[in-house]
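Spelled out, the chains give:
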Amino acid sequence: MTGPEGGGPLPPLVLFDRDSYMYGFSSVVALASWFEPLMQEEMACCFDSSGRAVSVHASGSGWDVRLAVDDPDDDALRAHARAFLGRFEPDKLSLAELPIPAMVEALASLEGYAIA
């Protein structure tokens, strides 16, 4: 698992499942602690606060959380955020138009979706 010091994912992080549901995490450690084998199949994508895709893979007895790419994918992140907000929080759809760091921060801290 890498963190900001090692060039890894920058918290907070948001994970979207195949049903467009979202989970918010305040840290890489929180995501790795929460993740379970079933989520490998259910996870559609995960992004850090810079809009970069994050991967989660089994590693020994835990989970390895790393950047999947170095460049942000703002369009993909916004598309997933719009799908989630449109389905589960339509009154907050405007969050998907915030600058990426602010959007991820707002999504990751939404009551009922923030894990830790």
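Refer to the structure printed above.
Residues numbered from 1 in each chain as written. Predicted model: local features only at pLDDT ≥ 70, side-chain atom pairs only at ≥ 80, totals over all residues. Heavy atoms only, no water.

Visitor: Just to check I follow, could you spell out the sheet that holds strand β1 (residues 13–17) for this structure?
Guide: Consider a sheet: its strands pair through backbone hydrogen bonds, and that pairing is either parallel or antiparallel. Ordered in space as β2-β1-β3, the three strands form an open sheet in which the pairing is antiparallel. Each of the sheet's edge strands pairs with one partner strand only, and the pair in question is β2 (22–25) and β3 (43–47). Across the sheet, the mean angle separating the axes of adjacent strands is 15° when strand polarity is ignored. Here β1 runs beside β3; their pairing, made up of four bridges, is antiparallel. When the bridges of β3 are listed, V14 appears paired with F47. Sheet strands touched by helix α4 (residues 100–108): β1 and β2. Its angle to β1, the strand with the most contacts, is close to 70°. (Pairing = 2+ DSSP bridges. Helix = DSSP H or I, 4+ residues; strand = E, 2+ residues; numbered from the N terminus. Axes fitted to C-alpha atoms, helices over the stretch in contact; angles between N-to-C directions. Contact = heavy atoms within 4.5 Å.)

Visitor: Help me understand the packing of aromatic side chains, please; the structure alone is not making it clear to me.
Guide: If you walk through the whole model with that rule in mind, you get eleven aromatic pairs. Both rings, one in Y21 and one in Y113, keep their centres 5.3 Å apart while their planes meet at 55°; by these two values the pair is tilted. Of the two residues, Y21 sits in the loop between β1 and β2 while Y113 sits in the segment after α4, which places them 92 residues apart along the sequence. Judged by centre distance (4.8 Å) and plane angle (70°), the rings of F35 and W63 are edge-to-face. You can see F35 sitting in the loop between α1 (28–34) and α2 (37–42) and its partner W63 sitting in strand β5 (residues 62–67), a full 28 residues away along the chain. Members of the aromatic cluster, each reached through a chain of ring pairs, are Y21, Y23, F25, W34, F35, W63, F84, F88 and Y113. (Phe/Tyr/Trp six-rings, centres within 6.5 Å; stacked < 30°, edge-to-face > 60°.)

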